[in-house]
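Commentary on secondary and tertiary structure
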Amino acid sequence: MVFKTFDELIAKQKGHPTMARMAVAAAGDEHTVEAALMARREGIAHPILVGSKAAIDRALAHLGEHVADEDIFDVPDPAESARYAVGLVRQGKADFLMKGKLDTSVLLKAVVNKEEGLGKGGVMSHFTAFECSGYHKLIVPVDGGMVTYPSLEQKKCIIENTVGALRTMGYDMPKVGVLACVEKLNPKMPETVDGDALKQMNQRGEISGCIVEGPISYDCAMSKEIADFKGYQSPCAGDCDVLLAPNIHAGNIMGKMLTVTCGAKMAGFIVGAKCPIVMTSRGSSAQEKYLSIVISAAAAR
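First things first, this report covers the structure right here in the doc. These figures come from a predicted structure and were not determined experimentally.

About the criteria used
- Residues numbered from 1 in each chain as written.
- Predicted model: local features only at pLDDT ≥ 70, side-chain atom pairs only at ≥ 80, totals over all residues.
- Heavy atoms only, no water.
- Helix = DSSP H or I, 4+ residues; strand = E, 2+ residues; numbered from the N terminus.
- Buried < 20%, exposed > 50% of the residue type's maximum accessible area, 1.4 Å probe, protein only.
- Contact = heavy atoms within 4.5 Å.
- Polar contact = N/O pair within 3.5 Å; in protein donor to acceptor, adjacent residues only side chain to side chain.
- Pairing = 2+ DSSP bridges.
- Phe/Tyr/Trp six-rings, centres within 6.5 Å; stacked < 30°, edge-to-face > 60°.
- Axes fitted to C-alpha atoms, helices over the stretch in contact; angles between N-to-C directions.
- Arc of directions from axis to C-beta.
- Core = buried A, V, L, I, M, F, W, Y, C linked by side-chain atoms within 4.5 Å.
- Salt bridge = Lys/Arg side-chain N within 4 Å of Asp/Glu carboxyl O.

Of note, Tyr 171 is situated in the loop between helix 6 (152–169) and strand 7 (175–179). For Tyr 171, a relative accessible area of 5% gives the class buried. Considered as a pair, Tyr 171 and Val 2 are 169 residues apart in the sequence and their alpha carbons are 5.5 Å apart. Once residues lying within four places of it in the same chain are set aside, the contact partners of Tyr 171 are Met 1, Val 2, Phe 3, Leu 138, Leu 166 and Asp 241. Within the local environment of Tyr 171, its side chain forms a polar contact with the backbone nitrogen of Phe 3, the two atoms lying 3.3 Å apart.

Turning our attention to the pairing of strand 10 (residues 265–271). Counted residue by residue, strand 10 has 5 buried out of 7 residues, so it is predominantly covered. Looking at chain direction, strand 5 (residues 125–131) and strand 10 are connected through 7 bridges and run antiparallel. Bridge assignment links Glu 131 to a residue of strand 10, and that residue is Lys 265.

Attention now goes to the packing of aromatic side chains. Note on aromatic pairs: each is described by the distance of the centres and the angle between the planes. Following the criterion strictly, the structure yields 3 aromatic pairs and no others. When the centroid spacing of 5.1 Å and the interplanar angle of 40° are considered together, the rings of Phe 73 and Tyr 84 count as tilted. Here Phe 73, found in strand 3 (residues 72–74), pairs with Tyr 84, found in helix 4 (residues 78–90); they are 11 residues apart in sequence, far enough to count as distant. A relative accessible area of 23% means that Phe 73 is categorised as partly exposed. For Tyr 84, a relative accessible area of 35% gives the class partly exposed. Aromatic pair Phe 127 and Phe 269: ring centres 4.7 Å apart, planes at 25°, arrangement stacked. Placement of the pair is Phe 127 in strand 5 and Phe 269 in strand 10, with a sequence separation of 142 residues.

Moving on, we come to the sheet that holds strand 7. Taken together, 4 strands build an open sheet; the order of strands is 6-9-7-8 and the sheet is parallel. One side of each edge strand has no neighbouring strand; the edge strands of this open sheet are strand 6 (140–142) and strand 8 (211–216). Taking each pair of neighbouring strands and ignoring which way they run, the sheet shows an average axis angle of 20°. Pairing analysis gives 3 bridges linking strand 7 to strand 9 (residues 242–244), with the strands arranged parallel. Across the sheet, Val 176 pairs through a bridge with Val 242, a residue of strand 9.

Turning to helix 3 (residues 53–63), a few remarks are in order. Taken residue by residue, helix 3 has Ala 55, Ile 56, Ala 59 and Leu 60 as its buried positions. Seen along its axis, helix 3 keeps its buried residues to an arc of 135°; they face one direction. When the buried face of helix 3 is taken as reference, the exposed residues oriented beyond 90 degrees from it are Arg 58, Ala 61 and His 62. Where helix 3 is buried, its residues meet helix 2 (30–41), strand 2 (45–51) and strand 3. Among the residues trailing helix 3, Gly 64 stands out with phi positive, at a value near 70°.

Looking now at the nonpolar core. Counting 85 residues, the largest nonpolar core has Leu 97 and Phe 127 as its most contacted members. Take this core: its biggest share by element is 8 residues, from helix 11 (residues 286–300). Residues Ile 216, Cys 220, Ala 221 and Ala 264 belong to the second largest nonpolar core, which totals 19 residues.

Where charged atoms of side chains with opposite charge meet at close range, the side chains can pair. Enumeration over the complete set of coordinates arrives at 16 salt bridges. Asp 239 is the salt-bridge partner of Lys 137, the closest N and O atoms lying 3.0 Å from each other. Pair noted here: Lys 137 is in the loop between strand 5 and strand 6 and Asp 239 is in the loop between helix 9 (224–230) and strand 9, with a separation of 102 residues, a long-range link. Residue class for Lys 137 comes out buried when judged on its relative accessible area of 5%. Two residues, Lys 230 and Glu 183, come together in a salt bridge whose shortest N-O distance is 3.2 Å. With a gap of 47 residues between them, Lys 230 in helix 9 and Glu 183 in the loop between strand 7 and helix 7 (190–203) connect regions that are remote in the sequence. By relative accessible area, Lys 230 is classed as partly exposed at 42%. Sharing partners across several salt bridges, the network here consists of Lys 137, Lys 175, Asp 239 and Asp 241.

Here we come to the pairing of strand 4 (residues 96–99). Alternating positions in strand 4 separate into two faces, Phe 96 and Met 98 on one and Leu 97 and Lys 99 on the other, with burial throughout. Alignment of strand 1 (residues 20–25) against strand 4, held across 4 bridges, turns out to be parallel. Bridge pairing in strand 4 places Ala 23 opposite Leu 97. As judged from the 2 bridges shared by strand 4 and strand 11 (residues 277–278), these two strands associate in the parallel manner. Residue pairing across strands places Leu 97 opposite Ile 277, the latter belonging to strand 11.

By themselves, these are just geometric observations and shouldn't be taken as functional.
This is the structure in structure tokens:
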């Protein structure tokens, strides 16, 4: 199974017999509350709002919505609200976490706390999915938000995090392209060396549940026609699900080009913790936050 559009993913989540429970830290801003309630209306996620009750009530009043008192926890301080929301997940009262109006570093501090957090001791990475009119299915470029200059071992972990989330969502054998500017191994280009090494790990079974191709250029990863013209043969050519960027700058630029220039829809969350963490920008639209909830709910199952 693969998802061609976010609408397909939404339809699958709507058909699930139970809603995933989502703890929202610092839930006072209107876009976050709007997205959370949109997910509730669609039967995708049940929101538990943690933050300033006064701010939450103002947002609800402006939206003309209602949330039961038992699903609102008055914790005005952002750091405390982050710890409280993380605690709800640890206690089994929520299935995944969402960032509201607070700094990313504040929420992550609560997440990685060794005694009371949600860390698993490994690499956490940023999962982003894009629906772009120029491609035939959702594309997942990683990592443009968490790991700055990943080592070979960290790249392996990013692939495993991403593939694990996709397989939970229903993908059978995700295709991963390890990006470089050329398709051939060149010892003078570390990106190609890592791409080849990751492909070899996959072929030896050290990275499983997916097909890894590398090094591969962006055009060959996204266009079978271009790959054929170049004589590049691979099951991933023109059909990648995942694009592994060489560093955070390449991943971030790629994502912003897709959204700003190509008009792609985007959803994102953090993987590698004990649950998915919806981590959109404070300036993200309600739609982007909603889609991120949808994809996180799918991964949480």
